[in-house]
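Each chain is listed here by its residues.
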Amino acid sequence: MSALKRSPSHLLLATDLSARSDRAIDRAIALARAWHARLTVLHVLDELNVQNDQPSRPALAGAQQRAMRILRDDLADADGIRIDLLVKSGHPGDVILEAAKQLGCDFVVTGIAGNAPMGQSLLGSTVTKVTRHASAPVLVVKQRARTSYRQVTVATDFSPASGSALDLALELFEVDQLSLFHAYDAPYRPLTEEPEAYSRECARLAIRKAQDFLEEAGIPDQIEIVVLEGDVGRLIANHAAAHGVDLIVTGTHGKSGIAHLLVGSVVSAILDEAPCDILVAPSIRKKS
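Residues numbered from 1 in each chain as written. Predicted model: local features only at pLDDT ≥ 70, side-chain atom pairs only at ≥ 80, totals over all residues. Heavy atoms only, no water.

A.B. asks: Just to check I follow, could you spell out the overall build of the protein chain for this structure?
C.D. replies: Regarding its fold elements, the protein chain presents 9 helices and 12 strands. Looking at the protein chain as a whole, 52% of its 288 residues are labelled buried. A total accessible area of about 13700 Å² is found for the protein chain, and carbon and sulfur atoms account for 48% of it. (Helix = DSSP H or I, 4+ residues; strand = E, 2+ residues; numbered from the N terminus. Buried < 20%, exposed > 50% of the residue type's maximum accessible area, 1.4 Å probe, protein only. Areas by Shrake-Rupley, 256 points an atom, 1.4 Å probe, with all protein chains shown as cover.)

Written as structure tokens, this is what we have:
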């Protein structure tokens, strides 16, 4: 579909070392290898959870040592990649953002434990905070990294932020199928004399906006346009499941529901129902 234009040079993998964290580790290794990028692996010890609510220095030191041993074991097969291991303590969201900033990381990867990225206790705070404030793209991994991303869907509300998401998908991945997904509302349908005709007209207008969006972006016309009526979170999850989508790409700020795809009320539905990874493009992209 698209030649690779730019790839990240320094990835940050934030992992909670849970049973399912190997999925994010494998994906981060695969991306670092494909992009010839440096990889920093970070595990954050939430100080309040180390030993009651007043952890001692020995308790923190012991937890750090155990975490470092696990990281070394998990990364034993990552030959040929420059890898740095970090174990820090503090509030996970703050530590991840600060590490990404200080190290100059241009791509962040998080894992998933149970039904929640970075562990159930971190769902509301860490992922929300990182996706809202990171200046780098944030990838939430759900799938095992058996292949590279080949079927990618970009969620759009036609805002500049979703334009950045589309640019990011084209820049980072050479895919077999790239689709543009938009969920629209037909708010006055119950009040119209011909509700089905009204809904079709709303769909036609949405398709026209999608075509204009792609034309303005100078994107090839072979990109599939998917326009559906209803809730964006549920619909895009169903679309991903039905069409074997590997990756959903979205922006963090926009004009409508896309603004909250990962950072608002839709997050639980997307992460629980969508069978694929999700990449969040930052509101402010670093210059390459």
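Now that the structure is up, let's keep going.
A.B. asks: Explain the nonpolar core here, please?
C.D. replies: Judged by nonpolar contacts, the single largest core of 49 residues is most densely connected at Leu39, Phe107, Leu139, Phe173, Leu178 and Leu279. Of all the elements, helix α1 (residues 22–35) adds the most residues to this core, at 7 residues. When neighbours within four sequence positions are excluded, Leu39 is seen to be in contact with His10, Leu11, Leu13, Ala28, Ile29, Ala32, Ile81, Arg82, Ile83 and Asp84. In this structure, Leu12, Ala14, Ile96 and Leu97 belong to the second largest nonpolar core, which totals 15 residues. (Core = buried A, V, L, I, M, F, W, Y, C linked by side-chain atoms within 4.5 Å. Contact = heavy atoms within 4.5 Å.)

A.B. asks: Where do I start with the pattern of salt bridges in this structure?
C.D. replies: Side-chain pairs of opposite charge can arise where the charged atoms are in close proximity. On inspection of all chains with the given rule, the structure shows 6 salt bridges. A salt bridge links Arg150 to Asp176, with the nearest nitrogen and oxygen atoms 3.0 Å apart. Taken as a pair, Arg150 in the loop between β7 (138–140) and β8 (151–155) and Asp176 in the loop between α6 (160–172) and β9 (177–184) lie far apart in primary sequence, 26 residues in all. By relative accessible area, Arg150 is classed as partly exposed at 28%. Taking the shortest distance from any N to any O, the salt bridge between Glu201 and Arg204 comes out at 2.7 Å. Of the two residues, Glu201 and Arg204 are both situated in helix α7 (residues 195–217); the distance of 3 residues between them amounts to about one turn of the helix. (Salt bridge = Lys/Arg side-chain N within 4 Å of Asp/Glu carboxyl O.)

A.B. asks: Explanation requested: helix α4 (residues 92–103) in the structure shown.
C.D. replies: In an α-helix there are 3.6 residues to a turn, and that puts residues three or four apart on one side. Taking 1.5 Å as the rise per residue, α4 with 12 residues should run 16 Å; its terminal C-alpha atoms sit 16 Å apart, in good agreement. Every buried residue belonging to α4 is among Pro92, Gly93, Val95, Ile96, Leu97, Ala99 and Ala100, and all of these are buried. After α4 finishes, the residue Gly104 shows a positive phi value of roughly 70 degrees. (Expected span 1.5 Å × (residues − 1).)

A.B. asks: In this structure, what is going on with the pairing of β9? I would like to understand it.
C.D. replies: The buried fraction of β9 is high, at 7 of 8 residues. Bridge count between β8 and β9: 5 bridges; the pairing is parallel. Its bridge partner being in β9, Val152 is matched across the sheet by Leu178. With α6 bridging β8 and its parallel neighbour β9, the resulting β-α-β unit is right-handed. Relative to strand β10 (residues 224–229), β9 runs parallel, the two sharing 6 bridges. Residue Ala183 lies in a different strand from β10, and its bridge partner there is Leu228. (Pairing = 2+ DSSP bridges. Right-handed = clockwise from strand over helix to strand, strands pointing away.)

A.B. asks: Honestly, the sheet that holds strand β4 (residues 107–110) in this entry has me stumped. Any pointers?
C.D. replies: Each strand in a sheet pairs with its neighbour through backbone hydrogen bonds, running either in the same direction (parallel) or in the opposite one (antiparallel). What the 10 strands build is an open sheet, ordered β3-β2-β1-β4-β7-β12-β11-β8-β9-β10; its pairing is mixed. Every other strand in the sheet has two partners, leaving β3 (83–89) and β10 as the edge strands with one partner each. Put simply, the sheet's adjacent strands are angled 20 degrees from each other on average, direction ignored. In this fold α6 packs onto β4, β8, β9, β11 (247–251) and β12 (277–281), with an angle of close to 165 degrees to the strand it touches most, β8. Along the sheet face, helix α8 (residues 232–243) touches β8, β9, β10 and β11 and points at about 150 degrees away from the line of β9. (Axes fitted to C-alpha atoms, helices over the stretch in contact; angles between N-to-C directions.)

A.B. asks: Please explain the confidence of the model for the protein chain as it appears in this structure.
C.D. replies: Detailed reading of the predicted coordinates is not advisable wherever pLDDT is low. The share of residues in the protein chain with pLDDT of 70 or more is 77%, and the mean pLDDT across the chain is 79. The lowest-confidence element of the protein chain is strand β6 (residues 116–117), averaging 47 in pLDDT; the highest-confidence one is strand β1 (residues 10–14), averaging 95. For the stretch residues 114–124, pLDDT sits under 50, and the model shows 28 contacts to residues farther than four places along the chain or on other chains. In the predicted structure, residues 254–267 sits below a pLDDT of 50 and forms 38 contacts with residues beyond four places in sequence or in another chain. (pLDDT = per-residue confidence, 0-100.)

A.B. asks: Just checking my understanding: could you explain the pairing of β8 for this structure?
C.D. replies: Each regular strand carries side chains that alternate between the two faces of the sheet. Most of β8 is tucked away: 4 of the 5 residues are buried. In this sheet, β11 lies alongside β8 in parallel orientation, the contact comprising 3 bridges. Directly across from Val154, in β11, lies its bridge partner Val249.

A.B. asks: I'm lost on unusual backbone geometry in this one. Help?
C.D. replies: When glycine is set aside, most residues are seen to have a negative phi, and most peptide bonds are trans. We note that His36 has phi near 55 degrees; this positive angle belongs to a residue other than glycine. Mapped onto the elements of the fold, His36 is located in the loop between α1 and β2 (38–45). Assessed through its relative accessible area of 73%, His36 is described here as exposed.

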